[in-house]
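In case you want the letters, here they are:
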Amino acid sequence: MVNKNFTKERYRDYTTLMQKMADLKYSAAVLQWDQETYMPAGGAERRSRQLATLTELAHSLFITENNGHLL
C-alpha cells in the first residue's frame, strides 16, 4: 500500500521543481523578446551569456538524480 502523505510530498516536490524550471524558462523568454525588440547595440554578447546561464540552470534542475526519482 502506498503512503498517501509520501505521495503528496513527492508530488509537491515535483511541482516545485517544475515551477522553478518554468520560471527560468519564462525569464529566458523575456530576455529573448527584449533581444529581438529593444536590446541596445553591443548587448548581444552579454545577452547570449545570460540566456545560456538560464538555460543551463533549467537543464541542470531537470537532469538531477532527485528529479529522476520524482518522475
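Residues numbered from 1 in each chain as written. Predicted model: local features only at pLDDT ≥ 70, side-chain atom pairs only at ≥ 80, totals over all residues. Heavy atoms only, no water.

A few words on the overall build of the chain. Summing up its helical and strand segments, the chain has three helices and zero strands in all. Listing the helices and strands of the chain from first to last along the sequence gives α-α-α. Taking 11 Å as the expected radius of gyration for a compact globule of 71 residues, we find that the chain reaches 17 Å, considerably beyond that expectation. Principal-axis analysis of the C-alpha atoms gives the chain an extent of 60 × 20 × 10 Å. When the accessible surface of the chain is split by element, carbon and sulfur atoms take 56% of a total near 5800 Å². (Helix = DSSP H or I, 4+ residues; strand = E, 2+ residues; numbered from the N terminus. Rg over C-alpha atoms; globule rule 2.2 N^0.38 Å. Areas by Shrake-Rupley, 256 points an atom, 1.4 Å probe, with all protein chains shown as cover.)

Another point: the nonpolar core. One recurring pattern in soluble globular proteins: nonpolar side chains tend to sit buried together. With five residues, the main nonpolar core is built from Leu 24, Ala 28, Leu 51, Leu 54 and Ala 58. Of all the secondary-structure elements, those providing two or more residues to this core are helix H1 (4-37) and helix H2 (44-62). For Ala 58, the residues in contact, after removing those within four places along its chain, are Met 21, Leu 24 and Lys 25. (Core = buried A, V, L, I, M, F, W, Y, C linked by side-chain atoms within 4.5 Å. Buried < 20%, exposed > 50% of the residue type's maximum accessible area, 1.4 Å probe, protein only. Contact = heavy atoms within 4.5 Å.)

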